[in-house]
Amino acid sequence: QLLRLVQGAKGDQVEHLTAFHHTADCGLVLTASGKQSNEELGYSEFFFGEHVVEGPYTPPVEARDAFQRGLRALSVGDANGSLVHFEHAIAENPYRHRAHACVVAITDYLARPRETAIATRAALHYFPENGDLLFMQAVAFYKMDDPEAAGRSLQACLEKQPECERARALRIRIALAQGRPK
């Protein structure tokens with residue numbers, strides 16, 4: 001029936017994809033029917049990280065500017081100030097991987113493992129396949145004296161990146177600290 005319906009569709013009856021937005025846990029699809037193109041409807045192509053999306057969109061100028069302000073603050077040694085800007089960049093465009101990576105690295109540098117764990121969890125929501133984030137999450141859990149959670153993050157990291165030597169080394173360090181053989 002579906003094939004007959006598709007084959008019989010003509011002109012204004014044809015439904016086409018107008019916009020699509022996808023996150024790690026949900027998606028939104030907008031379709032339209034008719035002869036108008038997306039450009040005629042006011043939609044244009046834009047990017048969120050690795051994802052191409054169509055829709056009425058203004059480029060994330062504020063996200064870019066906040067990220068640049070964070071880099072400037074970091075370049076003059078203001079790690080705390082840079083965090084504010086990088087977090088603002090994430091709020092404006094959560095698909096900006098580099099902003100997440102900066103927040104994770106800076107909170108780790110500032111010896112704030114709880115904040116690092118929170119930052120990695122937020123980043124992993126948008127980039128669940130990133131083994132580096134999983135490793136940093138494991139480091140944060142290790143620093144918070146939670147070897148079980150660190151072990152789970154390391155296992156996930158090694159599933160994504162089997163050759164990650166630093167993850168293997170941390171797993172051995174945890175096992176030795178717990179008195180277990182490596």
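Please read these numbers as outputs of a predicted model, since none were measured by experiment.

Enquirer: For the nonpolar core, give the residues involved together with the corresponding values.
Expert: Residues Phe-135, Leu-154, Ala-167 and Leu-170 are the most contacted members of the largest nonpolar core, which totals 34 residues. Those elements that provide at least two residues to this core are α2 (61-75), α3 (79-92), α4 (97-109), α5 (113-126), α6 (131-143), α7 (147-160) and α8 (165-177). The leading source of residues in this core is α6, at eight residues. The residues contacting Ala-167, other than those within four sequence positions of it, are Phe-135, Leu-154, Cys-157 and Leu-158.

Enquirer: How would you explain α3 if you had to name every residue and give the values?
Expert: Given a rise of 1.5 Å per residue, 14 residues ought to cover 20 Å, and the 20 Å separating the end C-alpha atoms of α3 matches this to within 8%. Of all the positions in α3, only Ala-79, Gly-81, Ser-82, Leu-83, Phe-86, Ala-89 and Ile-90 are classed as buried. Where α3 is buried, its residues meet α2 and α4.

Enquirer: Please provide a residue-by-residue account of the packing of α4 against α5, values included.
Expert: Between α4 and α5, the shortest axis-to-axis distance is 8 Å and the interhelical angle comes to 165°. Comparing the axis directions of α4 and α5 gives the class roughly antiparallel. Between α4 and α5 lies a crossing of left-handed hand. Where α4 abuts α5, its residues His-100, Val-103, Val-104, Thr-107 and Asp-108 lie against Glu-115, Thr-116, Ala-119, Thr-120, Ala-122, Ala-123 and Tyr-126. Considering only residue class, the contact of α4 with α5 consists of six nonpolar, four polar and two charged.

Enquirer: Before we move on, can you summarise unusual backbone geometry with the specific residues and values?
Expert: Of note in the backbone geometry, Ala-111 takes a positive phi value of approximately 60° without being a glycine. Here Ala-111 lies in the loop between α4 and α5. Residue classification places Ala-111 among the exposed positions, given a relative accessible area of 60%. Located in the positive-phi region is Asp-145, a residue other than glycine, with phi close to 60°. Take Asp-145: it is sitting in the loop between α6 and α7.

What counts and what doesn't
Each residue is numbered by its place in its chain's sequence as written, counting from 1. Only residues with pLDDT of at least 70 get local features here, since the model is predicted, and only at 80 or more are side-chain atom pairs given and counted; chain-wide, interface and lining totals rely on the full set of residues. Hydrogens and water are ignored here; the side-chain numbers use all heavy atoms of the structure. What is meant by a nonpolar core is a set of buried Ala, Val, Leu, Ile, Met, Phe, Trp, Tyr and Cys residues, joined one to another through side-chain atoms within 4.5 Å. Here the term buried applies to any residue with accessible area under 20% of the maximum for its type, exposed to any over 50%, and partly exposed to those in between, with areas from a 1.4 Å probe on protein chains only. For the purposes of this entry, the term helix denotes a DSSP run of H or I that reaches at least four residues, the term strand denotes a run of E that reaches at least two, and both are numbered from the N terminus. A contact between two residues is defined here by any heavy atoms of the two lying within 4.5 Å. For a helix, the expected span equals 1.5 Å multiplied by the residue count minus one. Here, axes are lines fitted to C-alpha atoms. For helices the fit covers the stretch in contact, and angles between N-to-C directions go from 0 to 180 degrees. Orientation categories follow fixed angle ranges, with anything under 35 degrees roughly parallel, anything over 145 roughly antiparallel, 65 to 115 roughly perpendicular, and all other angles oblique. Take the far helix as the reference: if the near one is turned anticlockwise from it by less than a right angle, the crossing is left-handed, and if turned clockwise, right-handed. Throughout, the ten residues Ala, Val, Leu, Ile, Met, Phe, Trp, Tyr, Cys and Pro are labelled nonpolar, Asp, Glu, Lys and Arg are labelled charged, and all others, Gly among them, are labelled polar.

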